[in-house]
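Tertiary structure, described
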Amino acid sequence: MTAAVAIDSLAKVFGGLRAVDRVSLEVALGERRALIGPNGAGKTTLFHCITGRMQPSSGSVKLFGDDITYLPEHQRTKLGMGRTFQITNVFTDLSLAENLALAIVGTDRRKWVWNRPLSAFPAVREQALAGLEAVGLKDRADDPVKLLSYGERRQLELALALNTHPKVLFLDEPCAGLSPSERQRIFKMIRALPREITLVMIEHDMDVALGLADRVTVMNRGRVMAEGTPDEVQSNPEVRDVYFGHV
Amino acid sequence: MKVRSYGVVMALIAIAAALAAPLVADPFWMTLITQIYIYGLLALSVDLLLGHAGLYSLCQASFFAVAAYTTAILQVRYGYPTIVAAPAGLIAGTLLAVLYGSAVRTRGVYFILITIALGYIIWGAVYRWASFTGGDNGITNVPPPSVAGFSIASQTAYYYFVLTVVILCAFGYRILIRSPFGLSLRGIKGSESRMQSLGYRTTMHLYAAFVISGLIASLAGVLYVYYNRFINPVAASFQISVEVSLMAIVGGSGTIVGPFIGAGVFLGLRNWVSSFFELHTAVMGAVFIATVLWAPSGIVGLVERWRPGIGKPKDQP
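These numbers were taken from a predicted model, which means no experiment stands behind them.

**Details of the packing of aromatic side chains**
Residue and element names in this part refer to chain B. Tallying each qualifying case throughout the model produces 18 aromatic pairs over all chains. Centre to centre, the rings of Y39 and Y224 are 6.0 Å apart; their planes meet at 75 degrees, and the pair counts as edge-to-face. Highlighted residues: Y39 in helix α2 (residues 27-53) and Y224 in helix α10 (residues 202-228), separated in sequence by 185 residues. Taking the centre distance of 6.2 Å and the plane angle of 90 degrees together, the rings of F111 and F210 count as edge-to-face. With F111 in helix α5 (residues 108-128) and F210 in helix α10, this residue pair connects regions lying 99 residues apart in the sequence.

And the structure:
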């Protein structure tokens, strides 16, 4: 069976720094993979190379068996790749419903409609409200995003990615900067996602990462250091050393 | 609903006042108001890019001037009728926007610089290519527009013509900015990287917006040449591009009435102040600085702020 995502000896070099150093990994269809590692391990750079924000220096990226290494980002989205950002990236001047509407029409031809108002598309509105309900923000559909708290913006961040209807979803620290109770909310939302969606997630919070993932990849200094089930990784002495710290 | 009816009422009052203006205003005022509509339309074209897509284009005068020159040259030098000359002007200006649209491959300050340079190309061409464009003297004696033997010669008739075109444009523009495409422009202004990850080929959206903006600017150019009855290189100048951006900002960027209000304030003040104060451009500068400092969302933003509260989220954190 073809893997959902297959990365083959991918490298990204910034000057003399090998931020990602010949990383290979495969994520199976429907799998939930956590990517962990200390700061500067190259996790986000790897994400950017996979999702098309950056071009890798070498290596290849395959999505469902198709080579997408040099495909522009917007086309990857059409192929079923979705992502969230580590630094919240939502449209603060628009309302929540408008944010979702942009995600909903982004992957079809309706995004080019210029001669009819958005309000002429009741299906989009309906879908936007459903999408907001899924992250508990339905009541605030018509508020501008600038009135939302940071935690609520993180929820919206997730909703945006979900409403492009991804088959593979890349989450870059979905719980970054959240309070423990807010983390729980996001954690539950992610866990409640349908299993058909393949998940690849960077997460610093070990409880979240290990609680959600089927398999864990540990990165350090641009390389894959270990890979396995959460239990295997946690008991790996090398991983314990660099990641969990030693006394 | 309340907010909406307020807007509709205000729009109807404005249209009624505009329709009644020729009954009370003298020719001086009629000329000024017509000019305000035309520059307002040009400012509106700037604001599609500035207020919605977040691009600061400083070559809008190019489309305006190319459309005006094309119409004037065809009509005066080659004797083509309005029915040919006016659409040709519109097409020429828009084609230039199709060409200049490649500027949207750049962003931020690079976009500003490249549009300044592109603007100077047209200014240089109309200024130096004297055998074709009339150089400094420009093209004079443009006849009033006439369609099917019916000439729009009187000032009042032309006023109503411009008003009709402007109202139709404003309605079309309103639909455009409320459409999914219009929303996509504001999305790009807010976060281009997010738009790309949502599946948008953002450069193509900006390119389309640039061409539409060029089309509106060209329309203003055609209206201008029949209003002014002559055209010279000033119409293509950098100064015009800057002034119309200031109109959009002073009036209220991101709105439809804003650019027109800005044009009114700008041209009205200039007319009034220049009659008694030589350094009138300094006054315009002061108005602009005051706007940026105390009313960053322009006169429209100022009015919105003072309007008796209708449950609008004003208190921004």
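Next comes the rest of the description.
**With respect to the pattern of salt bridges**
Under the counting rule described, the total for this entry stands at 17 salt bridges over all chains. D21(A) is the partner of R223(A) in a salt bridge, and the nearest nitrogen-oxygen pair spans 2.9 Å. Linking R223(A) in strand β10 (residues 223-228) with D21(A) in strand β2 (residues 17-27), this pair joins segments that are 202 residues apart in sequence. According to the relative accessible area criterion, R223(A) is partly exposed, its value standing at 44%. Assessed through its relative accessible area of 7%, D21(A) is described here as buried. The partner of R194(B) in a salt bridge is E157(A), and the shortest N-O contact between them spans 2.4 Å. Of this pair, R194(B) sits in helix α9 (residues 192-197) while E157(A) sits in helix α5 (residues 150-162), each in a different chain. On the basis of relative accessibility, which here comes to 0%, the residue R194(B) falls in the buried class. With relative accessibility at 1%, the residue E157(A) sits in the buried group. Via salt bridges that share partners, R18(A), D21(A), R22(A) and R223(A) belong to a single interconnected network.

**Brief notes about the interface of chain B and chain A**
Taken together, the contact pairs 28 residues of chain B with 35 residues of chain A. Taken together, the two surfaces of chain B and chain A that pack against each other cover about 2,600 Å², and 66% of this comes from carbon and sulfur. Contact with chain A buries area across many residues of chain B, yet P180(B), R194(B) and L198(B) alone supply 26% of it, more than any other trio. The interface formed by chain B and chain A contains one salt bridge. Linking chain B with chain A are 12 residue pairs in polar contact (both at pLDDT 80 or more), by the criterion used here. Every element with two or more residues in the side of chain B that touches chain A is listed here: α7 (155-178), α8 (180-190), α9 and α10 of chain B. When grouped by side-chain class, the residues that make up the side of chain B that touches chain A number 12 nonpolar, 11 polar and five charged.

**Section: the confidence of the model for chain B**
All names here are of chain B. Of all residues in chain B, 96% attain a pLDDT of 70 or more, and the chain-wide mean is 89. Mean pLDDT across the elements of chain B bottoms out in helix α1 (residues 2-24) (79) and peaks in α10 (96). Within the model, pLDDT remains below 50 along residues 310-317, and this stretch shows 13 contacts once partners closer than five positions in the same chain are excluded.

**Description of the pairing of strand β4 (residues 58-63) of chain A**
Residues and elements named next belong to chain A. By the bridge criterion, five bridges tie strand β1 (residues 5-14) to β4 in an arrangement that is antiparallel. When the sheet's bridge partners are listed, A11 is paired in β4 with S58. Pairing analysis gives two bridges linking β4 to strand β5 (residues 66-67), with the strands arranged antiparallel. Bridge pairing in β5 places K62 opposite D67. Hairpin geometry of β4 and β5 is characterised by an intervening segment of two residues between the two adjacent antiparallel strands and by a positive phi of about 50 degrees at F64.

**Things to note about the state of the cysteines**
Here the structure, examined in full by the defined rule, presents zero disulfides over all chains. C169(B) provides the cysteine sulfur closest to C59(B), a residue in no disulfide bond, and the two sulfurs are 19 Å apart.

Here is what the cut-offs are and how they apply
- Residues numbered from 1 in each chain as written.
- Chains lettered and ligands numbered in written order.
- Predicted model: local features only at pLDDT ≥ 70, side-chain atom pairs only at ≥ 80, totals over all residues.
- Heavy atoms only, no water.
- Phe/Tyr/Trp six-rings, centres within 6.5 Å; stacked < 30°, edge-to-face > 60°.
- Helix = DSSP H or I, 4+ residues; strand = E, 2+ residues; numbered from the N terminus.
- Salt bridge = Lys/Arg side-chain N within 4 Å of Asp/Glu carboxyl O.
- Buried < 20%, exposed > 50% of the residue type's maximum accessible area, 1.4 Å probe, protein only.
- Contact = heavy atoms within 4.5 Å.
- Buried area = accessible area lost by both parts, 1.4 Å probe.
- Polar contact = N/O pair within 3.5 Å; in protein donor to acceptor, adjacent residues only side chain to side chain.
- Nonpolar A, V, L, I, M, F, W, Y, C, P; charged D, E, K, R; others polar.
- pLDDT = per-residue confidence, 0-100.
- Pairing = 2+ DSSP bridges.
- Disulfide = S-S within 2.5 Å.

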